[in-house]
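Architecture at a glance
Chain by chain, the residues run as shown.
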Amino acid sequence: MEAATALEAALRPTMKVKEASPADADGPQASPQRGTGSPLPQLLPPIEEHPKIWLPRALRQTYIRKVGDTVNLLIPFQGKPKPQAIWTRDGCALDTSRVSVRNGERDSILFIREAQRADSGRYQLSVQLGGLEATATIDILVIERPGPPQSIKLVDVWGSSATLEWTPPQDMGNAALLGYTVQKADTKSGLWFTVLERCRRASCTVPNLIVGNSYAFRVFAENQCGLSENAPVTADLAHIQKAATVYRTEGFAQRDFSEAPKFTQPLADCTTVIGYDTQLFCCVRASPKPKVIWLKNKMDIQGNPKYRALTHLGICSLEIRKPGPFDGGIYTCKAVNPLGEASVDCRVDVKGSLWRDCVLKKLQHSVCLD
């Protein structure tokens with residue numbers, strides 16, 4: 001028994017313990033372990049800089065990207081010696097087929113080449129150094145355009161306005177709706193015009209439609225990513241009917257323009273020469289239009305081819321064609337209507353050619369004296 005104990009003591013390795021120094025007092029000291037064959041303990045390097053994450057201001061709120069965009073997040077941190085950076089999503093490990101991570105000495109990069117809605121979630125970066133740990137949380141939201149409203153219905157049409165109702169879309173595009181955009185198109189042009197933007201409710205009234213036109217309507221849903229790609233159109237057209245107009249005329253006393261004949265311009269006496277046409281003129285006013293009768297020496301000369309009588313706009317004229325010695329006398333113009341009658345007279349003298357020659361000589365003599 002004593003021989004076996006002496007053999008074990010000869011085979012056991014010897015351990016040299018370094019004498020303690022003041023420098024060793026500050027560092028961690030390994031406690032001696034008992035037992036045959038135990039390895040020497042490894043000493044951890046001292047922590048010179050505690051781990052800390054410097055999260056950019058833009059990532060302190062929800063980080064929003066569109067479907068198909070690239071996600072490239074650079075998160076700086078500190079810690080010495082180099083800490084261990086670990087990414088998780090919603091408490092689980094990352095899907096390396098979709099997300100790439102590169103850890104450097106002072107930063108960590110999270111990279112997604114083409115973001116999809118399934119990549120949305122809460123990502124957490126943990127920086128560990130010894131027993132110390134720093135964490136940062138980043139909320140990533142990947143959005144896309146919403147789906148169109150499910151249906152749109154024309155509820156009522158009155159006057160020049162139309163009321164519409166629709167149902168919200170089934171797919172919001174992973175984001176809250178900002179509202180609805182309503183457009184109209186008349187059947188004549190077929191062009192679409194926006195009449196309402198970012199309507200919060202699922203109904204609206206479109207005013208100021210043109211009377212006599214027919215309109216169709218459509219509605220787009222809108223979120224932070226934009227308008228939906230398509231929109232439902234109303235099955236029924238809004239016909240803007242023209243209201244029946246009733247005109248009411250105010251009563252008034254109609255003026256009576258009836259008037260008995262009255263000559264405003266009488267006939268004038270004249271002297272003519274045998275063989276030279278002569279015209280007589282006068283003006284008459286009457287309502288209703290009077291009948292004009294010409295008389296010579298109180299005898300009716302209507303229908304006599306030697307005379308031509310005309311009446312236009314109240315002006316009465318009588319032409320005596322090539323008067324002879326017996327055409328002189330008293331000429332009368334008589335106007336008659338249901339309200340009365342009126343007449344004017346004049347004297348016409350017909351002179352011979354001898355008288356004409358004397359008149360010409362007198363004129364010539366007066367010109368010579370001048």
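Throughout this description, residue numbers start from 1 for each chain and increase along the sequence as written. In view of the model being predicted, local features appear only for residues whose pLDDT reaches at least 70, and side-chain atom pairs are presented and counted only at 80 or more, with totals across whole chains, interfaces and linings using the full set of residues. Each side-chain value is derived from all of the structure's non-hydrogen atoms; neither hydrogens nor water enter the calculation.

On to the sheet that holds strand E4 (residues 84–89). Strand pairing requires that DSSP identify at least two bridges connecting the strands. A run of DSSP states H or I qualifies as a helix once it reaches four residues; a run of E qualifies as a strand once it reaches two. Both are numbered from the N-terminal end. Sheet architecture is open: 5 strands sit in the order E2-E9-E8-E4-E5, paired in mixed fashion. Two strands in the sheet have a free side with no partner beyond their single neighbour: strand E2 (63–66) and strand E5 (92–93). Bridge count between E4 and E5: 2 bridges; the pairing is antiparallel. Across the sheet, Arg 89 pairs through a bridge with Cys 92, a residue of E5.

Let us look at the environment of Gly 79. Here Gly 79 shows up in strand E3 (residues 71–80). When the C-alpha atoms of Gly 79 and Glu 49 are compared, they prove to be 4.9 Å apart, with 30 residues separating the residues in sequence. Any two residues whose heavy atoms approach within 4.5 Å are treated as being in contact. Contact partners of Gly 79, with chain neighbours within four places excluded, come to Glu 49, His 50, Pro 51, Arg 106 and Leu 129.

In this text, buried Ala, Val, Leu, Ile, Met, Phe, Trp, Tyr and Cys residues form a nonpolar core when linked through side-chain atoms within 4.5 Å. The buried label applies to any residue whose accessible area, calculated with a 1.4 Å probe on protein chains only, is under 20% of its type's maximum; exposed applies above 50%, and partly exposed to all values in between. The biggest cluster of nonpolar side chains holds 23 residues, and the ones touching the most others in it are Ile 53, Leu 73, Ile 75, Trp 87, Leu 110, Ile 138 and Ile 140. Of all the elements in the fold, those that place two or more residues in this core are E3, E4, strand E7 (107–112), strand E8 (121–129) and strand E9 (132–143). Of the residues forming this core, the biggest block, 5 residues, is contributed by E9. Leave out the neighbours within four places in its chain, and Ile 138 touches Leu 55, Leu 59, Leu 73, Ile 75, Trp 87, Gly 121, Arg 122 and Tyr 123. Listed in part, the 19 residues of the second largest apolar core include Val 292, Ile 301, Cys 316 and Ala 335.

Before going further, it helps to spend a moment on the environment of Ala 309. Secondary-structure assignment places Ala 309 in strand E23 (residues 307–312). On the basis of relative accessible area, Ala 309 is assigned to the partly exposed category, the value being 39%. With 29 residues separating them in the primary sequence, Ala 309 and Leu 280 have C-alpha atoms 9.5 Å apart. Setting aside residues no more than four positions away along its own chain, Ala 309 makes contact with Trp 294, Ser 317 and Leu 318.

A separate point is the pairing of strand E11 (residues 161–166). Burial within E11 is extensive, with 5 of its 6 residues counted as buried. As defined by bridge partners, strand E10 (residues 152–158) adjoins E11 across 6 bridges and the pair is classed as antiparallel. Among the inter-strand pairings, Ile 152 is bridged to a residue of E11, identified as Trp 166. The loop that links E10 with its antiparallel partner E11 comprises 2 residues; one of these, Gly 159, has a positive phi angle of about 60 degrees. Pairing of E11 with strand E14 (residues 203–206) involves 4 bridges; the strand directions are antiparallel. Bridging from a neighbouring strand, Leu 164 pairs with Cys 204 of E14.

By convention in these notes, a salt bridge is any Lys or Arg side-chain nitrogen within 4 Å of a carboxyl oxygen on Asp or Glu. One pass over the structure, following the stated rule, counts 14 salt bridges. Asp 107 is paired through a salt bridge with Arg 102; the nearest N and O atoms lie 3.6 Å apart. The network of salt bridges with common partners includes Arg 117, Glu 144 and Asp 171.

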